[in-house]
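Residues per chain are reported as follows:
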Amino acid sequence: MTIATLTTFFGWCTVLNFGFLLFATIAVTLFREPAMRLHAKLTGVAEAELPKRYFDYLANYKLLALTLSFVPWLALTIMAP
């Protein structure tokens, strides 16, 4: 596998991860009440606790996307001539 191939791979991983993060953020923002009712019924977690869990989920996903997709892409981009 060449550096160019890896750079392309991590670039697309970054685009897809941040696209999903954007979609999840918009979904949680626009459909907060229906999502909270559904998730409270499915998981048994109190509705008052769900906003914190949503925030934690989005924050953790963002950190993982940065460290596992964006940073390798950036490092490979810097390495390539």
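Bear in mind that the values here come from a model prediction, so they are computed numbers and not experimental data.

A.B. asks: Kindly report on the overall build of the chain, identifying the contributing residues and their values.
C.D. replies: Tallying secondary structure elements over the chain gives 3 helices and 0 strands in all. Its helices and strands in sequence order give the chain the pattern α-α-α, from N to C terminus. For a compact globule of 81 residues, the expected C-alpha radius of gyration is about 12 Å, and the chain comes in at 17 Å, more than 25% above that figure. Summarising its shape, the C-alpha atoms of the chain cover approximately 50 × 20 × 15 Å along the three principal directions. Within the chain, the proportion of its 81 residues that are buried is 21%. Contacts in the chain between residues far apart in sequence, at least 24 positions, make up 71% of those at least 6 positions apart. Entry remark: accessible area of the chain is about 6000 Å², with carbon and sulfur atoms responsible for 76%. Averaging the positions of the 6 positive and the 4 negative side-chain charges in the chain gives two centres separated by 3 Å.

A.B. asks: Kindly report on the environment of F9, identifying the contributing residues and their values.
C.D. replies: Looking at the element boundaries, F9 is found in helix α1 (residues 3-30). Spatially, the C-alpha atom of F9 lies 15 Å from that of T67, the residues being 58 residues apart in sequence.

A.B. asks: Now, about a nonpolar patch on the surface: what can you tell me, with residues and values included?
C.D. replies: Among the surface-exposed residues, L22, I26, L30 and F31 lie close enough to one another that they form a single nonpolar patch of about 430 Å² accessible area. As for its position among the elements, I26 is in helix α1.

A.B. asks: Residues and numbers for the nonpolar core, please.
C.D. replies: Of all hydrophobic cores here, the largest spans 7 residues; its members are V28, A35, M36, A40, V45, L50 and Y54. Broken down by secondary-structure element, the contributors of at least two residues to this core are α2 (32-43) and α3 (50-79). The element contributing the most residues to this core is α2, with 3 residues.

A.B. asks: Tell me about the packing of α2 against α3, and name the residues and values.
C.D. replies: For the pair α2 and α3, interaxial distance at closest approach is 11 Å and the crossing angle is 100°. With respect to α3, the element α2 is oriented roughly perpendicular. For the pair α2 and α3, the contacting residues are R32, A35, M36, H39 and A40 in the first and L50, P51 and Y54 in the second. Split into classes, the residues belonging to the contact of α2 with α3 amount to 6 nonpolar, 1 polar and 1 charged.

A.B. asks: Tell me about the pattern of salt bridges, and name the residues and values.
C.D. replies: All told, the structure shown has 2 salt bridges when counted by the stated rule. For D56, the salt bridge goes to K52, with nearest N and O atoms at 2.7 Å. With D56 and K52 both in helix α3 and 4 residues apart, the pair spans about one turn of that helix.

Rules used in this analysis
- All residue numbers refer to position in the chain's written sequence, counted from 1.
- Only residues with pLDDT of at least 70 get local features here, since the model is predicted, and only at 80 or more are side-chain atom pairs given and counted; chain-wide, interface and lining totals rely on the full set of residues.
- Side-chain measures were taken over the full set of non-hydrogen atoms in the model, leaving aside hydrogen atoms and water.
- Only DSSP runs of H or I covering at least 4 residues are called helices, and only runs of E covering at least 2 are called strands; the numbering of each starts at the N terminus.
- Two things to know: the radius of gyration comes from C-alpha atoms, and the globule rule equals 2.2 Å times the number of residues to the power 0.38.
- Type-normalised accessible area, obtained with a 1.4 Å probe on protein chains alone, sets the label of each residue: buried when under 20%, exposed when over 50%, and partly exposed for intermediate values.
- In what follows, residue pairs with any heavy atoms lying within 4.5 Å of each other are defined as contacts.
- Per-residue and other accessible areas follow the Shrake-Rupley method at a 1.4 Å probe size, with only the shown protein chains counted as cover for residues.
- In summary, the charge assignment counts Lys and Arg as positive and Asp and Glu as negative, without counting His or the chain termini.
- By convention, charge coordinates are those of NZ in Lys, CZ in Arg, CG in Asp, or CD in Glu.
- Patch membership requires more than 30% relative accessible area and the absence of a salt bridge. Residues of like charge join within 9 Å; the nonpolar side chains Val, Leu, Ile, Met, Phe, Trp and Tyr join within 5 Å.
- We count a salt bridge whenever a side-chain nitrogen from Lys or Arg sits within 4 Å of a carboxyl oxygen from Asp or Glu.
- Side-chain atoms within 4.5 Å are what join buried Ala, Val, Leu, Ile, Met, Phe, Trp, Tyr and Cys residues into a set we call a nonpolar core.
- The convention used is that axes are lines fitted to C-alpha atoms, helices contributing only their stretch in contact, and that angles between N-to-C directions extend from 0 to 180 degrees.
- The cut-offs work like this: below 35 degrees is roughly parallel, past 145 is roughly antiparallel, 65 to 115 is roughly perpendicular, and the gaps in between are oblique.
- Three categories are distinguished: nonpolar for Ala, Val, Leu, Ile, Met, Phe, Trp, Tyr, Cys and Pro, charged for Asp, Glu, Lys and Arg, and polar for the others, with Gly belonging to the last.

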